[in-house]
Amino acid sequence: MVLSFGRPLAAAALVSIFTACSGPATKPDPVPPPAAETEKVAGADKVVAAAKKLVIATDVDKRLAQFAPTDVDFDEKLIKPAFRKVLVKLVQAAKILDDIYLDQVSADNRALRAKLVAQQAPQAALDYFDVMYGPWDRLEGDKPFVGSGHKPHSAGFYPADLTKEQLEAWIKAHPAEEKAFRGYFTVIRRQGDKLIAVPYSEAYKTRLTAAAKLLREAAKLSPHKALSKYLELRAAAFVSNDYFDSDMAWMDLGDSPLEVVVGPYEVYEDRLMGYKAAFEAFINLRDPVYSARLQKLAKYNTQVERNLPLPKKYFTKRGTASPISVVIELFTAGDTRAGVQTAAFNLPNDERVRTKKGSKKVMLKNVTEAKFNKVLIPIAKRVVDEKLISSIDFDTYFTDILLHEMAHGMGPGQITVGGKKTTVNRALKELYPHIEECKADIVGLVNGAYLIKKRGLPRAMAKKLPVTYLAGVFRATRFGTEEAHGKAVLVAFNYLRKGGAFTYDAKTKRFSVDYTKFDKVVRALAGELLMLQAKGSYADAKKLIDTYGKISPEMQQALASLKGVVPVDIRPTYTILTKMKSW
Ligand code: ZN
């Protein structure tokens, strides 16, 4: 899944997603005919012929400007020549998956974009179409900015007019087909008056065969055995439609300098059933600097845990560990590139693999840094005490994210409530994600302060960490506070504000840090969170969220001042596309 710290900050398909460019020549697989040959025009209920011009939102320039153009770059010297050859093949394969994804979003996408080109639509409309992978605005609840048809929940995975009830009724009447219909890797099509489940390996056969060939060539070129194994098995999965072995191999990539993900993963695009996985690719390079920092911090783990404000008897053994990998993103394609850009992800999603091997968290350093520069700093300049702005830096910001991720693995996991064994997750029910995210933020800060004291982190961070965290609050709460991480940040912020750790100047309308109180108040909140987790107290969790989970007028005002001024996300240009021409 995409992690909340990777909250939306969007993307752009700067390589046209419609031309195979330098990629291999592949014929697109047959796609079903467009759902409607006619286009409804806004405000009119009459249906006009498709030959009429498409209506384009008049503010499309402004919408595009929400995404700050950004080079996603890397140091070429970090990649040995043998791996450069591997990368060329991988980028070509990724482009093919990008092309499949466009059809997965909507069977009408190609025809629609061609029509935009034919009617000489403004460049911003074409660019925004490429950012969104279709005519619907992912920042506006999928409302159309081209044409007026709402996005079908079925995306390109099911016939556009199929309802959930119809599909359920079909499955009920044909129980032998249930597995195929509910599978992650099939599309549902009509055949006469029947419904059929078509495996991806058939539906996208031409393109997946071409992608598999490239992965095999990359596997042969790769000097790293585990990487070769993953690529070979993933190539086989494209043909067999069985992804299990290759997901297992991905967990075993070990010290491969390239951290690569290619395949169908997330199911968010399927709003009808939430079953069908969308194709995507991440081509990443392991980051040497922060990988080393992570290892260094892990050495302090026992001491750090002992320092937490929770009686020893409540510390319990955690489940499967989730290794963290810090990487530099080189190229992405498909699902992950649509709309806001991913800053971290946790894969695989297959529960069978998670049970056997756990999962891996991958953090994209350069993407996070780009968001920091293009979004977080402009936010800070508007809402944080001017004297403190120079203390906000990327190294501290990224370290804080690492501390957050590490804190997830600390504190109570398996617990006993009323004599019965359970888990914190089960006891806190739907409030668990909010409390757990809040805990990760706050325990991360407690650990940060401790590590600074013990010289595990630089001394200078003592001043930088609280104010960098403060600036991050406004990024995380900007687009709503209902999902777990937004709400968690709000609870933490209001608690710290009430305790005097954060202050507000009504004259300048800026927030500041009271360093004499910060550590003490943070530690008090950590104590409350850890204790309610240890006791598995749903009532305490609810009370904390009800008390602190509301936006105050001063914060509302600060957030309003950011609207339309600070970009929402980045629009990447991948410099590898230029660099690899000489590889
Ligand atoms: Zn988290």
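Residues numbered from 1 in each chain as written. Predicted model: local features only at pLDDT ≥ 70, side-chain atom pairs only at ≥ 80, totals over all residues. Heavy atoms only, no water.

Visitor: Before we go on, may I ask you to explain the overall build of the protein chain in this structure?
Guide: Tallying secondary structure elements over the protein chain gives 23 helices and 17 strands in all. Expected size for 583 residues packed as a compact globule is a radius of gyration near 25 Å; at 25 Å, the protein chain falls within 12% of this value. Considered along the principal axes of its C-alpha atoms, the protein chain spans approximately 70 × 55 × 55 Å. For the protein chain, buried positions account for 57% of its 583 residues. Taking contacts inside the protein chain between residues at least 6 apart in sequence as the whole, the part at least 24 apart equals 77%. A total accessible area of about 25,200 Å² is found for the protein chain, and carbon and sulfur atoms account for 55% of it. Of the charged side chains in the protein chain, 89 are positive and 65 negative; the average position of the first set lies 5 Å away from that of the second. (Helix = DSSP H or I, 4+ residues; strand = E, 2+ residues; numbered from the N terminus. Rg over C-alpha atoms; globule rule 2.2 N^0.38 Å. Buried < 20%, exposed > 50% of the residue type's maximum accessible area, 1.4 Å probe, protein only. Contact = heavy atoms within 4.5 Å. Areas by Shrake-Rupley, 256 points an atom, 1.4 Å probe, with all protein chains shown as cover. Lys, Arg positive; Asp, Glu negative; His and termini not counted. Charge placed at Lys NZ, Arg CZ, Asp CG, Glu CD.)

Visitor: Would you explain the packing of aromatic side chains in this entry?
Guide: For the structure on display, the rule yields 26 aromatic pairs. Relative to Phe502, the ring of Phe493 has its centre 5.6 Å away and its plane inclined at 25°; by these criteria the two rings are stacked. Pairwise contacts between aromatic rings join Tyr184, Phe185, Tyr200, Tyr204, Phe238, Tyr243 and Phe279 into one cluster. Across from the ring centre of Trp250, 4.2 Å away, lies the NZ or CZ of Lys360, which sits over that ring. Cation over ring: Lys579 sits above Phe74, and NZ or CZ is 4.2 Å from the ring centre. (Phe/Tyr/Trp six-rings, centres within 6.5 Å; stacked < 30°, edge-to-face > 60°. Lys NZ or Arg CZ within 6 Å of the ring centre and 35° of its normal.)

Visitor: Could you clarify how one ought to interpret the coordination of the zinc ion in this entry?
Guide: Metal coordination angles in their ideal form are 109.5 degrees for the four-donor tetrahedron and 90 or 180 degrees for the six-donor octahedron. Listed as protein donors to the zinc ion are His404 (NE2), His408 (NE2) and Glu437 (OE); their distances from the metal cover 2.1 to 2.2 Å. Every donor residue of the zinc ion comes from the same chain, spaced as H-x3-H-x28-E. Here the residue His404 occupies a position in helix H15 (residues 394-408), and Glu437 occupies one in helix H17 (residues 432-453), the gap between them amounting to 33 residues. With respect to class, His404 is no different from Glu437; both count as buried. (Donors = N, O, S within 2.8 Å, 3.2 Å for Na, K, Ca; no water.)

Visitor: Teacher, can you tell me more about the packing of helix H18 (residues 461-476) against helix H19 (residues 484-498) here?
Guide: A packed helix pair is summarised by two numbers, namely the angle formed by the two axes and the spacing between the axes. Their axes nearest at 9 Å, the elements H18 and H19 cross at an angle of 135°. By the angle between their axes, H18 is oblique relative to H19. The two elements H18 and H19 meet at a crossing, and its hand is left-handed. Mapping the contact onto sequence places Tyr469, Leu470, Val473, Phe474 and Ala476 in H18 and His485, Gly486, Val489, Ala492, Phe493 and Leu496 in H19. (Axes fitted to C-alpha atoms, helices over the stretch in contact; angles between N-to-C directions. Parallel < 35°, antiparallel > 145°, perpendicular 65-115°, else oblique. Left-handed = near helix turned anticlockwise from the far one by under 90°.)

Visitor: Any chance you could explain the sheet that holds strand S8 (residues 258-264) here in plain terms?
Guide: To summarise the sheet geometry, strands pair through backbone hydrogen bonds and adopt either a parallel or an antiparallel arrangement. An order of S8-S9-S10-S12-S11 is seen for the five strands of this open sheet, with the pairing classed as mixed. For this open sheet the edge positions go to S8 and strand S11 (344-347), each flanked by a neighbour on one side alone. Averaged over all adjacent pairs, the angle separating strand axes in this sheet is 35°, with direction ignored. Here seven bridges tie strand S9 (residues 279-286) to strand S10 (residues 324-334), and the two strands are oriented antiparallel to one another. (Pairing = 2+ DSSP bridges.)

Visitor: Got a minute to help me understand unusual backbone geometry in this structure?
Guide: The peptide bond linking Leu347 to Pro348 adopts the cis configuration, its omega dihedral lying at -5°. Within the secondary structure layout, Pro348 lies in the loop between S11 and helix H13 (351-357). Despite not being glycine, Tyr133 has its phi angle at roughly 55°, a positive value. Counting through the fold element by element, Tyr133 comes out in the loop between helix H4 (123-132) and strand S4 (136-137).

Visitor: It is not clear to me how the pattern of salt bridges should be interpreted in this structure. Could you clarify?
Guide: Where side chains of opposite charge bring their charged atoms close, a pairing between them can arise. Inspection of every chain in the model, using the stated rule, returns 35 salt bridges. Across the pair Asp103 and Arg207 runs a salt bridge, and its minimum N-O distance is 2.9 Å. Of the two residues, Asp103 is situated in helix H2 (residues 81-105) and Arg207 in helix H8 (residues 205-221); the sequence distance between them amounts to 104 residues. Given the relative accessible area of 1%, Arg207 is considered buried. Between Arg271 and Asp142 there is a salt bridge whose closest N-O contact spans 2.9 Å. (Salt bridge = Lys/Arg side-chain N within 4 Å of Asp/Glu carboxyl O.)

Visitor: Just to check I follow, could you spell out the environment of Ala476 for this structure?
Guide: Of note, Ala476 is situated in helix H18. For Ala476, a relative accessible area of 6% gives the class buried. Note: C-alpha distance between Ala476 and Asp161 (315 residues apart in sequence) is 37 Å.

Visitor: Explanation requested: the pairing of S10 in the structure shown.
Guide: Moving residue by residue along a regular strand, the side chains alternate between the two faces of the sheet. Buried residues dominate S10, accounting for ten of its eleven residues. Both S10 and strand S12 (residues 360-364) contribute to a ladder of four bridges, which runs parallel. Opposite Ile324, over in S12, you have Lys361 as the bridge partner.

Visitor: For this particular structure, what's the right way to read H19?
Guide: Side chains of residues three or four places apart in an α-helix project in the same direction, reflecting 3.6 residues per turn. Its 15 residues give H19 an end-to-end C-alpha distance of 21 Å, which sits within 8% of 21 Å, the value for a rise of 1.5 Å per residue. The buried fraction of H19 is high, at 13 of 15 residues. (Expected span 1.5 Å × (residues − 1).)

Visitor: Before we go on, may I ask you to explain the pairing of strand S13 (residues 414-417) in this structure?
Guide: Strand direction decides the pairing type here: S13 and strand S14 (residues 420-423), joined by four bridges, are antiparallel. Counted as the bridge partner of Thr416 is Lys421 from S14.

Visitor: Any chance you could explain H2 here in plain terms?
Guide: Here H2 is 25 residues long and its end C-alpha atoms lie 36 Å apart, about the 36 Å a rise of 1.5 Å per residue gives. Burial analysis of H2 places 21 of its 25 residues in the buried class, which makes it a mostly covered element.

Visitor: What am I meant to see in the environment of Lys365 here?
Guide: Note that Lys365 resides in helix H14 (residues 365-383). With relative accessibility at 15%, the residue Lys365 sits in the buried group. Between the C-alpha atom of Lys365 and that of Ala526, which follows or precedes it by 161 residues, the distance is 27 Å. At 3.0 Å, the side chain of Lys365 forms a polar contact with the side chain of Asp287. (Polar contact = N/O pair within 3.5 Å; in protein donor to acceptor, adjacent residues only side chain to side chain.)

Visitor: Help me out: how do you make sense of the side chain of Arg63 in this one?
Guide: Checked against the element boundaries, Arg63 lands in helix H1 (residues 60-65). For Arg63, a relative accessible area of 16% corresponds to the buried category. Reaching out from Arg63, the side chain makes a polar contact with the side chain of Asp59 at a distance of 2.9 Å. Residues contacting Arg63, with those up to four places away along its chain left out, are Ala57, Tyr128, Asp137, Glu140 and Phe145.

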